[in-house]
Amino acid sequence: MFIHVVLFEVKSAEVAKYRKDSLMWAGQCKKSRGFVSYCTMQRFGFKHQYASVYRWVKKSDCDRFMRKYHDLLVTKSKAKVKVLGYYNLKAVDKVSH
């Protein structure tokens, strides 16, 4: 399992647009091989911070998606956001209910 997280600063007036943009990105991901899930998260205890969390089967699935769609989706996105960080995570242990 590979997880790609982008942490954003999103001003209050831009949150609705950011969430709509995020669902647009997730909709495109959903059509891509190796995509598992997407979640928008609000960072607890921090004003104006949101994370877009993408789960993929393999890093190469995420990389393929980014090469093909990243620039196109950036041009279609409407929200004015500031990227605070990118995080790439690899599952080591997994327990499910």
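Cut-offs and rules
- Residues numbered from 1 in each chain as written.
- Predicted model: local features only at pLDDT ≥ 70, side-chain atom pairs only at ≥ 80, totals over all residues.
- Heavy atoms only, no water.
- Helix = DSSP H or I, 4+ residues; strand = E, 2+ residues; numbered from the N terminus.
- Axes fitted to C-alpha atoms, helices over the stretch in contact; angles between N-to-C directions.
- Parallel < 35°, antiparallel > 145°, perpendicular 65-115°, else oblique.
- Left-handed = near helix turned anticlockwise from the far one by under 90°.
- Contact = heavy atoms within 4.5 Å.
- Nonpolar A, V, L, I, M, F, W, Y, C, P; charged D, E, K, R; others polar.
- Pairing = 2+ DSSP bridges.
- Core = buried A, V, L, I, M, F, W, Y, C linked by side-chain atoms within 4.5 Å.
- Buried < 20%, exposed > 50% of the residue type's maximum accessible area, 1.4 Å probe, protein only.

A. Structural context of the environment of Ser60. Its location among the elements puts Ser60 in helix 2 (residues 59-76). Distance in space between the C-alpha atoms of Ser60 and Phe2 is 9.1 Å, their sequence separation being 58 residues.

B. Just the packing of helix 1 (residues 15-30) against helix 2, in detail. Where helix 1 contacts helix 2, the axes come no closer than 11 Å and their chain directions differ by 150 degrees. What the angle tells us is that helix 1 and helix 2 run roughly antiparallel. As helix 1 runs across helix 2, the sense of the crossing is right-handed. Contacts between helix 1 and helix 2 involve Asp21, Met24, Trp25, Gln28 and Cys29 from the first element and Phe65, Tyr69, His70, Leu73, Val74 and Lys76 from the second. For the contact of helix 1 with helix 2, the per-class residue count stands at seven nonpolar, two polar and two charged.

C. Expanded view of the sheet that holds strand 1 (residues 2-9). Ordered in space as 2-3-1-4, the four strands form an open sheet in which the pairing is antiparallel. Unpaired on one side and paired on the other, strand 2 (35-42) and strand 4 (82-90) mark the two borders of the sheet. Across the sheet, the mean angle separating the axes of adjacent strands is 15 degrees when strand polarity is ignored. Contacts from helix 2 reach strand 1 and strand 3 (49-56), with the element oriented near 50 degrees to strand 1.

D. A look at the nonpolar core. The biggest cluster of nonpolar side chains holds 19 residues, and the ones touching the most others in it are Tyr18, Tyr54, Trp56 and Phe65. Elements that contribute at least two residues to this core include exactly strand 1, helix 1, strand 2, strand 3 and helix 2. Broken down by element, this core gets its largest block of residues, five residues, from helix 1. Look past the residues within four positions of Trp56 in its chain and what remains in contact with it is Met1, Phe2, Cys29, Ser32, Arg33, Gly34, Phe35, Val36, Asp61, Cys62 and Phe65.

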